[in-house]
Amino acid sequence: MAGRSTTTAGGPQGAAPPRTVRYREGPHQLVRGDCLKVLRRMPAESVDVVVTSPPYNIGLRYSTYNDTLDEQGYLDWMMAIARQVRRVMKPDASFFLNIAGSSAQPWLPFELMVRLRGLFALQNHISWVKSISIGTETFGHFKPVNSHRYLHRNHEHLFHLTRSGDVNLRRLDVGVPYMDKSNIARRGHRQDRRCRGDTWFVPYETVQGKAQKYNHPGTFPVSLPQMCIRLHGRPDAVVLDPFMGTGTTIVAALREGARGIGIDLDSGYVDIARERVRAALRESGA
Ligand SMILES: C[S@@+](CC[C@H](N)C(=O)[O-])C[C@H]1O[C@@H](n2cnc3c(N)ncnc32)[C@H](O)[C@@H]1O
């Protein structure tokens, strides 16, 4: 555990944000605090990959954060954070933004993206598929929507934003083998691997209760940020998650040999994140 500082800026709810507390777990830094405040203090052009899932403003029940802002307030707040994210990104960095709408606010992710156009190029738009039915078989998990009007929401957006739109990626590092192996010789490919495209089926692991999801209402599976970090493909990358929650992105960074920086408002979630990172460090033998 290292330095402490006091925050002054108001959060989106107008409540005083908590004091910033920084923790070190191996090479990773976990911060309890308001990400806007913490980002403002980070050096410019110091981050290789940002992977994050902000609150979606859909009324999820977080421990501290109130996920029901008015739409304009939410968009303004997200833009202030995005400006800081852009500032700390290296010129060839990647920003993977995971977000979804809801039946009540279906336009919100698109409204946000239109605003973000002033800051970033939309280099790729990945659909994160959580569940899919092929023929009569269903794979993965979804939260059912009880409605006569709306379909179950089985996918979320994963927007890949960059400063220039011209960032080289290591597509084959997250690629898949060819189905038709004759393509390899016929087309002169050097390996049995092709780009997997922009539809990623990444199911949640099967869990028996909320405790196995760390009692957090909005986690993503660790393989999602792992694929993002691998796709960006820079050795010794610095990976940032300004809305780290239970530390999934930091665990992913650790597994990919990268260095993670995670920030969350809630001290309970930061404690869980620290415990997960310690366990992953033990697993890796570090
Ligand atoms: C969708 S969750 C992220 C979950 C994370 N991807 C995981 O797998 O655990 C969004 C997180 O943002 C945090 N949060 C909300 N406002 C924040 C702020 N101003 N600064 C930092 N974190 C904030 C919430 O506490 C919540 O844990």
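A quick note: this is a predicted structure, and the numbers were derived from the prediction, not measured. (Residues numbered from 1 in each chain as written. Predicted model: local features only at pLDDT ≥ 70, side-chain atom pairs only at ≥ 80, totals over all residues. Heavy atoms only, no water.)

A. Fine view of the overall build of the chain. Looking only at helices and strands, the chain has seven helices and 12 strands in total. Its C-alpha radius of gyration of 19 Å places the chain within 12% of the 19 Å reference for a compact globule of 286 residues. Seen along its three principal axes, the alpha-carbon backbone of the chain occupies a region of about 65 × 50 × 40 Å. Within the chain, the fraction of its 286 residues that count as buried is 47%. Put simply, of all contacts in the chain between residues at least 6 apart along the chain, 69% involve residues at least 24 apart. Surface summary for the chain: the accessible area is close to 14700 Å², and the carbon and sulfur share equals 50%. Computed over 39 positive and 26 negative side-chain charges, the inter-centroid distance for the chain is 2 Å. (Helix = DSSP H or I, 4+ residues; strand = E, 2+ residues; numbered from the N terminus. Rg over C-alpha atoms; globule rule 2.2 N^0.38 Å. Buried < 20%, exposed > 50% of the residue type's maximum accessible area, 1.4 Å probe, protein only. Contact = heavy atoms within 4.5 Å. Areas by Shrake-Rupley, 256 points an atom, 1.4 Å probe, with all protein chains shown as cover. Lys, Arg positive; Asp, Glu negative; His and termini not counted. Charge placed at Lys NZ, Arg CZ, Asp CG, Glu CD.)

B. How the structure looks around the pattern of salt bridges. The full count for this structure, using the stated rule, is 13 salt bridges. Ionic pairing is found between Lys 130 and Glu 156, a salt bridge with its closest N-O pair at 2.7 Å. Of this pair, Lys 130 sits in the loop between strand S6 (121-129) and strand S7 (131-134) while Glu 156 sits in strand S9 (residues 155-162), and the two are 26 residues apart along the sequence. One exposure class covers both Lys 130 and Glu 156, and it is buried. Among the ionic contacts, a cluster of salt bridges with common partners joins Glu 25, Arg 274, Glu 275, Arg 278 and Arg 282. (Salt bridge = Lys/Arg side-chain N within 4 Å of Asp/Glu carboxyl O.)

C. Structural context of the site of the ligand. Lining the immediate environment of the ligand, one finds 22 residues, of which Asp 34, His 216, Thr 246, Thr 248 and Asp 264 sit closest. Phe 220 places a polar main-chain atom, nitrogen or oxygen, 3.1 Å from an oxygen atom of the ligand. Between Thr 248 and the ligand, the recorded distance is 2.6 Å, taken from a side-chain N or O atom to an oxygen atom. (Near = heavy atom within 4 Å. Polar contact = N/O pair within 3.5 Å; in protein donor to acceptor, adjacent residues only side chain to side chain.)

D. Broad picture of the nonpolar core. Ranked by internal contacts, the top residues of the largest apolar core, which has 42 residues, are Tyr 74, Leu 116 and Leu 240. Going through the elements one at a time, helix H1 (35-40), strand S4 (47-52), helix H2 (71-88), strand S5 (89-99), helix H3 (108-116), S9, strand S11 (238-241) and strand S12 (259-264) are the ones with two or more residues in this core. Ranked by residue count, the leading element in this core is H2, at 10 residues. When near neighbours in sequence (up to four residues on either side) are disregarded, Tyr 74 contacts Pro 54, Pro 55, Tyr 56, Asn 57, Tyr 65, Leu 69, Ile 99 and Leu 108. Tyr 23, Ala 252, Ala 253 and Ala 280 belong to the second largest nonpolar core, which has 34 residues in total. (Core = buried A, V, L, I, M, F, W, Y, C linked by side-chain atoms within 4.5 Å.)

E. A look at the packing of aromatic side chains. This structure, assessed with the given rule, holds five aromatic pairs. With a centroid separation of 5.7 Å and an interplanar angle of 75°, the aromatic rings of Trp 77 and Phe 243 are classed as edge-to-face. Residue Trp 77 is located in helix H2, and its partner Phe 243 is located in the loop between S11 and helix H6 (248-255); the two are separated by 166 residues in the primary sequence. Taking the ring centre of Trp 128 as reference, the NZ or CZ of Lys 130 above it sits at 5.5 Å. (Phe/Tyr/Trp six-rings, centres within 6.5 Å; stacked < 30°, edge-to-face > 60°. Lys NZ or Arg CZ within 6 Å of the ring centre and 35° of its normal.)

F. Inspection of the packing of H6 against helix H7 (residues 267-284) at higher detail. The N-to-C vectors of H6 and H7 enclose an angle of 15°; their axes lie 9 Å apart at closest approach. Of the possible angle classes, the one that applies to H6 and H7 is roughly parallel. Taken as a pair, H6 and H7 cross one another with a handedness that is right-handed. Together, Thr 248, Ile 250, Val 251, Leu 254 and Arg 255 of H6 and Arg 276, Val 277, Ala 280, Leu 281, Glu 283 and Ser 284 of H7 make up the contact between the two elements. (Axes fitted to C-alpha atoms, helices over the stretch in contact; angles between N-to-C directions. Parallel < 35°, antiparallel > 145°, perpendicular 65-115°, else oblique. Left-handed = near helix turned anticlockwise from the far one by under 90°.)

G. Region of the structure containing H6. Of all the eight residues making up H6, seven are buried; the element is thus mostly covered by neighbouring parts of the structure. Inspection of H6 places Thr 248, Thr 249, Ile 250, Val 251, Ala 252, Ala 253 and Leu 254 among the buried residues, and these make up the whole buried set. On its buried face, H6 is in contact with strand S3 (28-32), S4, helix H5 (223-232), S11, S12 and H7.

H. Broad picture of a nonpolar patch on the surface. A cluster of nonpolar side chains, namely Ile 132, Ile 134, Phe 139 and Phe 201, defines an oily patch on the protein surface of about 340 Å² accessible area. Summarising the element assignment, Ile 134 is placed in strand S7. A relative accessible area of 54% means that Ile 134 is categorised as exposed. (Patch = residues over 30% accessible without salt bridge, like charges linked within 9 Å, V, L, I, M, F, W, Y side chains within 5 Å.)

I. How the structure looks around the packing of H5 against H6. Their axes nearest at 8 Å, the elements H5 and H6 cross at an angle of 50°. It follows that H5 is oblique to H6 by the angle criterion. The handedness of the crossing between H5 and H6 is right-handed. Side by side, H5 and H6 meet where Pro 225, Gln 226 and Ile 229 of the first sit next to Thr 248, Thr 249, Ala 252, Ala 253 and Arg 255 of the second. Per-class residue counts for the contact of H5 with H6 are four nonpolar, three polar and one charged. (Nonpolar A, V, L, I, M, F, W, Y, C, P; charged D, E, K, R; others polar.)

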